[in-house]
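Understanding the architecture of this molecule
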Amino acid sequence: MEWSEVDSLLEKYFNGETSLNEEQQLRDYFSTQVPAPHLQQYQSLFGYFDQAKVEECPKQLPIFRTVKPARNRMLWWSAAASVVVLVGWSTFALLQTNGTEQSDLGTYEDPKVAFEATQKALSMLSSQVNVGIESVQYIEEYQIAKNKVFKKPVAKQQGS
Amino acid sequence: MNQNEFLTVVLPFKDKLFRLAKRLLVSTEEAEDATQEVLVKLWTKSDNLQTYKSTEAMAMTMTKNYCLDQLKAKRSGNMQLVHTNYTDGAAGVEQTVEDTDSLEWVNKIMLQLPEQQRVIIQLRDIEQYDFDEMAEILKMSESAIRVALSRARKTIRENMTKTHNYGMERGR
C-alpha cells in the first residue's frame with residue numbers, strides 16, 4: 001500500500017468512517033511493513049490492538065459444576081422435606097382413625113328398635129331444651145318497669 | 001439447556017467478555033470475577049437463551065453494565081484510592097516515556113479515555129464488531145457510536161503524538 005493511501009485511510013479512520021475491512025488493511029499495513037517515518041507513531045497503536053485481541057481469560061470456568069448441583073441440591077432437599085412431612089402427617093392421620101375405631105359406639109340391626117331409640121333420644125333432648133326458660137321469664141319484669149318509667153311514649157302510642 | 005450446550009454457546013465469546021471487563025476494571029482479578037458473574041447470570045437464564053436474538057450481544061451488554069456498576073460502587077464507597085492506583089496510567093509524560101514497552105503505554109493512554117469511549121474502542125478496534133452489533137450491545141444509535149469512536153481515536157492520537165514527540169526530543 002502507498003503512503004498516500006495509508007494517509008487517507010488514517011484520515012478516515014480518525015473520523016470514525018472506516019469500514020471493518022479498511023481497518024483490517026491498516027492493521028495489516030502496520031504489522032507487515034516498515035511504515036513511513038511519519039506513520040511510525042501509529043505502529044504501536046495498531047500493534048497494541050492486535051495484541052489486545054488475543055488476551056485470554058486466565059481463569060477456567062468451574063462455576064457451572066457448582067451452580068447446577070447447588071440448584072439440584074436445593075431440589076433434593078425440598079423433595080426430602082416434603083416426603084418427611086407427608087410420612088409424618090399420614091402416620092398421624094392413621095393413628096387418629098385407629099383411635100376412633102376403638103371408641104365405636106355400636107349400631108342397631110332392627111329398624112324398629114332403632115326408631116324407638118331415636119325417638120327416646122329426641123324426647124330426652126326436647127325435655128332438656130326447656131329447662132331454664134323460667135329464669136328467662138324474669139327479663140319480662142324489666143320491660144314492665146321500663147314502661148312504668150317512660151309513660152309518655154306509651155301514652156302517645158295509645159293516643160294515636 | 002445442559003452444561004455442555006451452555007458451554008458451547010458461551011466459550012466462543014468468553015474471552016471477549018473478559019477483555020471488555022478488563023478494559024473497564026483494569027485489574028485482571030476483578031475482570032475474571034466480572035466474567036464469572038456475567039456467565040453465572042447467563043447460566044440462570046440459560047433456559048430461554050434461544051429466545052434472545054444474540055446471546056453474545058446480550059452477554060457483552062451485561063458485562064458492560066456490570067463493570068460500570070462496579071466502578072460506580074467503588075467510587076461511591078470511598079474506594080477511590082484503590083481505583084486511582086490502577087488508572088495511574090494518567091501519570092506524567094515522563095513516566096510514560098520511561099515505559100520501555102511501547103504497547104504498554106498505548107494501554108495507559110487508553111486508560112485516560114472516559115469509560116464509554118473505552119468500551120467503544122474495545123468493541124470496534126480490538127474485537128472488530130460491526131456497527132450493527134455495537135448498536136445492539138451499547139443500545140446507542142450508529143451515528144452516536146461513530147461520533148464517540150472518532151472522538152476516542154483522536155484523543156488517543158493526540159496523547160500519543162504528545163508522548164511520541166516528547167520522546168523524540170528527549171532522545172536527541
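- In the annotation of an unreviewed UniProt entry, the entry for chain B reads Sigma-70 family RNA polymerase sigma factor, and the organism field reads Flavobacterium erciyesense.
- As its UniProt record puts it under Sequence similarities (unreviewed entry), chain B is described as follows: "Belongs to the sigma-70 factor family. ECF subfamily."

- Chain A is annotated in an unreviewed UniProt entry as Anti-sigma factor of Flavobacterium erciyesense.

**Focus: the overall build of chain A**
- Secondary structure assignment for chain A yields eight helices and zero strands.
- Across chain A, helices and strands are ordered from the amino to the carboxyl terminus as α-α-α-α-α-α-α-α.
- Considering chain A as a whole, with its 160 residues, one finds that 18% of them fall into the buried category.
- Surface accessibility of chain A: about 12,700 Å² in total, with carbon and sulfur atoms responsible for 62%.

**Concerning the overall build of chain B**
- Within chain B one finds nine helices and zero strands.
- When the helices and strands of chain B are listed from N to C terminus, the series reads α-α-α-α-α-α-α-α-α.
- Restricting the contact set of chain B to residue pairs at least 6 apart, pairs at least 24 apart contribute 65%.
- Counting every atom, chain B has about 8,400 Å² of accessible surface; 48% of that belongs to carbon and sulfur.

**Points about helix 7 (residues 115–126) of chain B**
Residue and element names in this part refer to chain B.
- Taking 1.5 Å as the rise per residue, helix 7 with twelve residues should run 16 Å; its terminal C-alpha atoms sit 15 Å apart, in good agreement.
- Helix 7 sits mainly inside the fold: eleven of its twelve residues count as buried.
- Among the residues making up helix 7, those that are buried are E115, Q117, R118, V119, I120, I121, Q122, L123, R124, D125 and I126.

**Focus on a nonpolar patch on the surface**
- A cluster of nonpolar residues, L122, L125 and V129 of chain A, forms a patch on the protein surface that exposes about 320 Å² of accessible area.
- By the secondary structure assignment, L122 of chain A is in helix 5 (residues 111–129).

**Considering the side chain of T61 of chain B**
Residues and elements named next belong to chain B.
- Here T61 is to be found in helix 3 (residues 55–76).
- With a relative accessible area of 9%, T61 lands in the buried category.
- Separated by 3.0 Å, the side chain of T61 and the backbone oxygen of I137 make a polar contact.
- When sequence neighbours within four positions are dropped, the list of residues in contact with T61 reads E136, I137 and K139.

**A word on the packing of helix 1 (residues 3–25) of chain B against helix 2 (residues 28–44) of chain B**
Residues and elements named next belong to chain B.
- Running from N to C, helix 1 and helix 2 cross one another at 145°; their axes reach a closest spacing of 8 Å. Seen along the crossing, helix 1 lies across helix 2 with a hand that is right-handed. In this structure, helix 1 uses Q3, F6, V10, F13, K14, L17, F18, A21, K22 and L25 to contact helix 2, whose residues at the interface are T28, E30, A31, E32, A34, T35, V38, L39, L42 and W43.

**Observations regarding the packing of aromatic side chains**
Residues and elements named next belong to chain A.
- Enumeration over the complete set of coordinates arrives at eight aromatic pairs over all chains.
- Between the aromatic rings of F14 and Y42, the centroid separation amounts to 5.6 Å while the plane-to-plane angle is 50°, which identifies the pairing as tilted. With F14 in helix 1 (residues 3–14) and Y42 in helix 3 (residues 40–53), this residue pair connects regions lying 28 residues apart in the sequence.
- Classification of F14 by relative accessible area gives buried; the value is 2%.

**Quick look at the interface of chain A and chain B**
- Across the contact, 36 residues belong to chain A and 42 residues belong to chain B.
- Summed over both partners, the interface of chain A with chain B comes to about 3,700 Å²; 58% of that surface belongs to carbon and sulfur atoms.
- Summed over the shared surface of chain A and chain B, the result is four salt bridges.
- One salt bridge in this structure joins K53 of chain A and E127 of chain B, with 4.0 Å as the shortest N-O distance.
- Where chain A meets chain B, there are 15 residue pairs in polar contact (both at pLDDT 80 or more).
- Of all elements in the fold, only helix 1, helix 2 (20–32), helix 3 and helix 4 (63–102) of chain A reach the threshold of two or more residues within the side of chain A that touches chain B.
- Of all the elements, helix 3 of chain A adds the most residues to the side of chain A that touches chain B, at ten residues.
- Partitioned by chemical class, the residues of the side of chain A that touches chain B number 16 nonpolar, ten polar and ten charged.

**A few points about the UniProt feature "transmembrane region" (unreviewed entry) in chain A**
- With numbering aligned to this structure, UniProt lists the feature "transmembrane region" (unreviewed entry) at residues 74–95 of chain A.
- Its end C-alpha atoms 32 Å apart, residues 74–95 of chain A is made of 100% helix and 0% strand.

Thresholds applied
- Residues numbered from 1 in each chain as written.
- Chains lettered and ligands numbered in written order.
- Predicted model: local features only at pLDDT ≥ 70, side-chain atom pairs only at ≥ 80, totals over all residues.
- Heavy atoms only, no water.
- UniProt positions renumbered as here; feature names shortened; annotations may be inferred.
- Helix = DSSP H or I, 4+ residues; strand = E, 2+ residues; numbered from the N terminus.
- Buried < 20%, exposed > 50% of the residue type's maximum accessible area, 1.4 Å probe, protein only.
- Areas by Shrake-Rupley, 256 points an atom, 1.4 Å probe, with all protein chains shown as cover.
- Contact = heavy atoms within 4.5 Å.
- Expected span 1.5 Å × (residues − 1).
- Patch = residues over 30% accessible without salt bridge, like charges linked within 9 Å, V, L, I, M, F, W, Y side chains within 5 Å.
- Salt bridge = Lys/Arg side-chain N within 4 Å of Asp/Glu carboxyl O.
- Polar contact = N/O pair within 3.5 Å; in protein donor to acceptor, adjacent residues only side chain to side chain.
- Axes fitted to C-alpha atoms, helices over the stretch in contact; angles between N-to-C directions.
- Left-handed = near helix turned anticlockwise from the far one by under 90°.
- Phe/Tyr/Trp six-rings, centres within 6.5 Å; stacked < 30°, edge-to-face > 60°.
- Buried area = accessible area lost by both parts, 1.4 Å probe.
- Nonpolar A, V, L, I, M, F, W, Y, C, P; charged D, E, K, R; others polar.

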